[in-house]
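# Report on the structure
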Amino acid sequence: MAQITTSTENTIQTLERIGSHSHVKGLGLDERLEPRQNAQGMVGQKSARKAAGVIVKMVQEGKIAGRAILMAGPPSTGKTAIAMGMAQTLGSDVPFTMLSASEVFSLEMSKTEALTQAFRRSIGVRIREEAEVVEGEVVEIQIDRSLTGATKTGKLTVKTTDMETIYELGNKMIDSLQKEKVTAGDVIAIDKASGRITKLGRSFTRARDYDAMGSDTKFVQCPEGELQRRKDVVHTVSLHEIDVINSRTQGFLALFAGDTGEIKPELRDQINTKVGEWREEGKADIVPGVLFIDEVHMLDIECFSFLNRALESELAPLVIMASNRGITRIRGTRFRSPHGLPIDLLDRVLIVSTKPYEQEDIKEILQIRAQEEEVTLKPEALEVLTRMGAETSLRYAINLITTASLAAKRRKADAVEVADVRRVYNLFVDEKRSVQYLREHAEQFMSETDDFGGKEVDGLAPGAPVVGISHTSILA
Ligand SMILES: Nc1ncnc2c1ncn2[C@@H]1O[C@H](COP(=O)(O)OP(=O)(O)O)[C@@H](O)[C@H]1O
Ligand SMILES: [Mg+2]
């Protein structure tokens, strides 16, 4: 392969917007990585947060690629929230990929392909290029359409404080000017190789148009000196993006569609070689990111052995897994093991454990969530919700905030009162009461066994062997 393309388009950020963690803005640590009780949307769970902070630090220093972390703890103890906090702290330059283990089985590709893609999404390649750009303030855009409208020609006048030049425009440039809504007075940069146009802002000389432009307009100085200049540009793309852009059947449009299909191993080999060359030539750096696999006990033994091997490859990210299982069956086997992870994988992970919250923490988290959802809770209502959270689960109590505020709105009240909480508490049962109901009405439901409320959903024949950490291999 002579030429490997890395996206010249804006790199695509896969931004996760999970409503239930939208209040999490970071890990809430101080400069010494000590957790604050309540900061950046994070409350309590201090030792896990501190551990997460240390891990982030190591990732940023590029020290921890190819390692694995397991966040272990009961449901609703903030495992996913802490992972989101880590992603925020890492910043946009370090790839962070989030995968729910069961997604591996639902994509239209093999399990190992899905995992390989997730791995490669989590490795960034920071590429340095020297680009030739034209940077200046637009003086005038003149576009002539042919009678049919099919072809367009035009002229673009751009200036710096020292010079002014007129450029002839082709169809493609006209389209991108129109797409970016460039008008006279904008300061723009045109990448000469790709023709990509970036709007840098409005020229200060046009500041009097301010009222017409709206308050989000950014004003910049008209550039000085030459119009054409060489500029060092750095952009980070993931290995996966490079794979997709270079796979002939896909093309970069597939990145937008999200429908990437399987990628040939030979192509990946070529890209690895090329990236290796760039590194040697000093054109690129590898930025190992983070792959977060939530509910990791849903992976099966084939996935686990793939993970084990992939972690040893040179281009491996940091893998963080989360599980709320205790001793449970490893999917695809008859064996039980801690957290449902095979022993050889367990052996290489560092375990961070999360613990159930105290009432005080629950109260603070509920307060933050109420603020986030713009719900006013009367102090007594917050007390009641807090107690419910302690007795049932934090997540259940969080869910009641939304529903209780709907109940309050129906009464045309501004604030949620105890009565609203009570009402929705009776409308929506929590897990404990649901199990209780199932027990009492067992004969009316279809079920596999008559054992309800257990921690294991996928059932296990009684007497199946339990494997402890002391065993060397589960496959023995
Ligand atoms: N320490 C915390 N600070 C702030 N919010 C939290 C904290 N722990 C959990 N939450 C919130 O509580 C809810 C349940 O936590 P989650 O992280 O989903 O639990 P888990 O993944 O351990 O089951 C989420 O909305 C989460 O954002
Ligand atoms: Mg979770």
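- The protein chain carries the name RVB2-RUVB-like protein in an unreviewed UniProt entry, which gives Violaceomyces palustris as its organism.

## Things to note about the sheet that holds strand β4 (residues 96-100)
- Strand order in this open sheet of 5 strands is β4-β13-β14-β3-β17, and the pairing throughout is parallel. What marks the edges here is a single partner per strand, and that holds for β4 and β17 (349-353). The mean inter-strand angle of the sheet, taken between neighbouring strand axes irrespective of direction, is 20°.
- Taken together, the 4 bridges between strand β13 (residues 290-294) and strand β14 (residues 318-323) define a ladder with parallel strand orientation. Of the residues in β14, the one forming a bridge with Ile 293 is Met 321.

## Considerations on the pattern of salt bridges
- Here the structure, examined in full by the defined rule, presents 24 salt bridges.
- Notably, a salt bridge pairs Arg 369 with Glu 373, separated by 3.2 Å at the nearest N-O pair.
- Classification of Glu 373 as partly exposed rests on a relative accessible area of 24%.
- Ionic pairing is found between Arg 411 and Asp 420, a salt bridge with its closest N-O pair at 2.9 Å.
- A single salt-bridge network, built from bridges that share partners, covers Glu 113, Arg 120, Asp 243 and Arg 268.

## Some remarks on the packing of aromatic side chains
- Counting across every chain of the model gives 4 aromatic pairs.
- Both rings, one in Phe 119 and one in Phe 306, keep their centres 6.3 Å apart while their planes meet at 85°; by these two values the pair is edge-to-face. With Phe 119 in helix α4 (residues 111-121) and Phe 306 in helix α10 (residues 301-310), this pair connects stretches of sequence that are 187 residues apart.
- Judged by relative accessible area, Phe 119 falls into the buried class, the value being 5%.

## Comments concerning the site of ligand 1
- As a structural note, the neighbourhood of ligand 1 is formed by 18 residues, with Ser 20, Val 43, Thr 80, Tyr 357 and Arg 395 the closest of them.
- Ser 20 is positioned such that a nitrogen or oxygen atom in its backbone is 2.7 Å from an oxygen atom of ligand 1.
- Here Gly 78 contributes a backbone N or O atom positioned 3.1 Å from an oxygen atom of ligand 1.
- For ligand 1, whose accessible area on its own is 550 Å², the fraction buried by protein is 97%.

## Points about unusual backbone geometry
- Of note, the phi angle at Gln 45 is positive, near 45°, even though the residue is not glycine.
- Along the polypeptide, Gln 45 turns up in the loop between β2 (42-43) and α1 (46-60).
- A relative accessible area of 10% places Gln 45 in the buried class.
- Here Glu 374, not a glycine, exhibits a phi torsion of approximately 55°, which is positive.
- Its location among the elements puts Glu 374 in the loop between α12 (359-372) and β18 (376-377).
- For Glu 374, a relative accessible area of 74% puts it in the exposed group.

## Observations concerning the packing of helix α13 (residues 379-391) against helix α15 (residues 418-427)
- Interaxial distance between α13 and α15 falls to 8 Å at its minimum, and their mutual angle equals 30°. The orientation of α13 with respect to α15, classified from their angle, is roughly parallel. Residue-level inspection shows Glu 380, Ala 381, Val 384, Leu 385 and Met 388 of α13 in contact with α15, the latter providing Val 418, Val 421, Arg 422 and Tyr 425.
- In terms of residue class, the contact of α13 with α15 is built from 7 nonpolar, no polar and 2 charged.

## So, the side chain of Ser 122
- Among the secondary structure elements, Ser 122 is positioned in the loop between α4 and β5 (123-145).
- According to the relative accessible area criterion, Ser 122 is buried, its value standing at 0%.
- Within the structure, the side chain of Ser 122 is placed 2.9 Å from the side chain of Thr 97, a separation counted as a polar contact.
- If we ignore the near neighbours within four places in the chain, the residues touching Ser 122 are Pro 95, Thr 97, Val 287, Pro 288, Gly 289, Val 290, Leu 291 and Pro 317.

Definitions and limits used
- Residues numbered from 1 in each chain as written.
- Chains lettered and ligands numbered in written order.
- Predicted model: local features only at pLDDT ≥ 70, side-chain atom pairs only at ≥ 80, totals over all residues.
- Heavy atoms only, no water.
- Pairing = 2+ DSSP bridges.
- Helix = DSSP H or I, 4+ residues; strand = E, 2+ residues; numbered from the N terminus.
- Axes fitted to C-alpha atoms, helices over the stretch in contact; angles between N-to-C directions.
- Salt bridge = Lys/Arg side-chain N within 4 Å of Asp/Glu carboxyl O.
- Buried < 20%, exposed > 50% of the residue type's maximum accessible area, 1.4 Å probe, protein only.
- Phe/Tyr/Trp six-rings, centres within 6.5 Å; stacked < 30°, edge-to-face > 60°.
- Near = heavy atom within 4 Å.
- Polar contact = N/O pair within 3.5 Å; in protein donor to acceptor, adjacent residues only side chain to side chain.
- Areas by Shrake-Rupley, 256 points an atom, 1.4 Å probe, with all protein chains shown as cover.
- Parallel < 35°, antiparallel > 145°, perpendicular 65-115°, else oblique.
- Contact = heavy atoms within 4.5 Å.
- Nonpolar A, V, L, I, M, F, W, Y, C, P; charged D, E, K, R; others polar.

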